[in-house]
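A structural walkthrough
Single-letter residue listing:
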Amino acid sequence: MSALYVVLAMSSATAEDAQQTPKSKEQVEKLVGLFHQHFDGAHSLTERRTAFRKLMDAAPEPSRVQIRHIDADGVEGEMLWPARLHYPIGTRAILYIHGGGFYSGSPETHRAIAGSLAKAASADVFLIDYRLMPDYVYPTQIDDALTVFRWLLQSGYRSENIVIVGDAAGGNIALEATLRQMRAMRPLPAGVVAMSPLTDLAETGNSMKENANSDPVVGKPQLEAVRKAYLGKMSPTDPDASPLYADLKGFPPLLLQVGSRETLLDDTLRFAAKAREAGVDVTSEVWPGMIHQWQLFPFWLDDARRSNQRIAEFAMKHFADQPQE
């Protein structure tokens, strides 16, 4: 059985202590060791970007997928799809927005999870290479995501066959891009998946302190550096940058995943609660014992494979043209 909880609200201690298996704990601790190996001593955003790239260099390339470079109205990226005979490319799409604090990450760092989702959801996955800080700040990253979403529509994908997926800062971008579409009264994706999204750039969640010693990836000092570089003098509670403060009425179906050890746990739980209050169809999952960005490692973590499968099932459920394979 998958070690997860679908919750309205749950403390990190309860979630972590309840069901994580010994094997899962062992796998996560090995990953924690790798994070410390690469990130200890990496303090600046530039140093952390290099550390993340080197960590992900160890990730195996996805198998049984086709990959093509795409230029979507000036935003580059990779399209991945299952390498199956008679696979119907051009029907269903996942727009994947990688994490990395708005300053790091790339198609290379996230190719493994993108390939995993392409096969599991029987969908084309557009893994975008949006512009990064420090050269580009808010709202460039959101602009690039919207450009690609609208390019997919212009290229023949129906909005009801597109699901937007993002992790961490990519989850923030996925949510904000969808909110922009809503405000513009333009076509919305069939669903949105946000993995450990950064929903509150003001960093007001209790888990920011409660989980400060349990999450080796993201802490308050790093988030403060990101906020200052990304927003400048803009208010961190502006709903155009922090979706926790936005009007969510009319938002598409939403899947939220977060690990119980994450400093961003409350970013997910509070956003889920607010979305439900607005009438949004929300599934929120707290995965016991998981740290930030665990979903990127399906080649090392059993729970990452299971969480990726949950995302694929959510996408397939909400595609208008569901896979027949």
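The shown structure was predicted, so the numbers you read here are calculated from the model rather than taken from an experiment.

Structural notes on the confidence of the model for the protein chain
For the protein chain, the mean per-residue pLDDT works out to 93, and 94% of the residues sit at or above 70. Ignoring residues within four places in sequence, the model shows residues 6–17, a span with pLDDT below 50, making 23 contacts including any to other chains.

What about the environment of Val 165?
Of note, Val 165 is situated in strand E6 (residues 162–167). Of the residues examined, Val 165 reaches a relative accessible area of 0% and is grouped as buried. Spatially, the C-alpha atom of Val 165 lies 6.7 Å from that of Ile 94, the residues being 71 residues apart in sequence.

Looking at helix H6 (residues 169–183)
The first and last C-alpha atoms of H6 sit 21 Å apart over 15 residues, in line with the 21 Å expected at 1.5 Å per residue. Burial analysis of H6 places 13 of its 15 residues in the buried class, which makes it a mostly covered element. Following H6 by one or two positions, Met 185 has its phi on the positive side, about 55 degrees.

Thoughts on the pairing of E6
Summarising burial for E6: six of the six residues are buried, a large majority. Every second residue of E6 is oriented toward a common face, with Ile 162, Ile 164 and Gly 166 on one face and Val 163, Val 165 and Asp 167 on the other, all of them buried. Bridge count for strand E4 (residues 93–97) against E6 is five bridges, and the pairing is parallel. Bridged to Ala 93 within E6 is Ile 162. Relative to strand E7 (residues 191–195), E6 runs parallel, the two sharing five bridges.

Quick notes on helix H3 (residues 45–56)
Across its 12 residues, H3 extends 16 Å between first and last C-alpha, which sits within 8% of the 16 Å expected from 1.5 Å per residue. Taken residue by residue, H3 has Leu 45, Arg 48, Ala 51, Phe 52, Leu 55 and Met 56 as its buried positions. Each buried residue of H3 sits inside an arc of 125 degrees when the element is viewed along its axis, so together they form one side. In this structure, the buried residues of H3 make contact with helix H2 (22–39), helix H4 (107–121) and helix H8 (220–231).

Points about the packing of H4 against helix H10 (residues 302–318)
At a closest axis distance of 9 Å, the pairing of H4 and H10 adopts a crossing angle of 50 degrees. If you check the angle between H4 and H10, you find them oblique. The way H4 lies across H10 gives a crossing that is right-handed. Between H4, through Ile 113, Ser 116, Leu 117, Ala 120 and Ala 121, and H10, the contact on the second element is made entirely by Asn 308, Gln 309, Ile 311, Ala 312, Ala 315 and Met 316. Of the residues in the contact of H4 with H10, the class split is eight nonpolar, three polar and no charged.

Basis of the calculations
- Here the residue index of a chain counts from 1 through its sequence in written order.
- Two thresholds apply to this predicted model, a pLDDT of at least 70 for residue-level local features and 80 or more for giving and counting side-chain atom pairs, whereas whole-chain, interface and lining totals are computed over all residues.
- The basis for every side-chain value is the complete set of non-hydrogen atoms in the structure, without hydrogens or water.
- pLDDT is defined as a per-residue confidence score from the predictor, taking values between 0 and 100.
- Any two residues whose heavy atoms approach within 4.5 Å at even a single point are treated as in contact.
- Here a strand is any run of E in DSSP of at least two residues, a helix any run of H or I of at least four, and the numbering for each starts at the N terminus.
- Per-residue accessibility, obtained with a 1.4 Å probe over protein chains only, is compared with the maximum for each type, and a residue is labelled buried under 20%, exposed over 50%, and partly exposed between these values.
- Expected span of a helix, by definition, is 1.5 Å for each gap between consecutive residues, and there is one gap fewer than residues.
- Think of it this way: DSSP has to see at least two bridges between two strands before they count as a pair.
- Within this analysis, the arc is defined by the directions that extend from the helix axis to the C-beta atoms.
- All axes here are fitted lines through C-alpha atoms, helices being fitted over the stretch that makes contact, and every angle between N-to-C directions spans 0 to 180 degrees.
- Oblique is the label for any angle not under 35 degrees, not over 145, and not in the 65 to 115 range, which are roughly parallel, roughly antiparallel and roughly perpendicular in turn.
- Should the near helix be turned anticlockwise from the far one by less than a right angle, the crossing is termed left-handed; should it be turned clockwise, right-handed.
- Polarity classes work like this: nonpolar for Ala, Val, Leu, Ile, Met, Phe, Trp, Tyr, Cys and Pro, charged for Asp, Glu, Lys and Arg, and polar for all others, with Gly in that last group.

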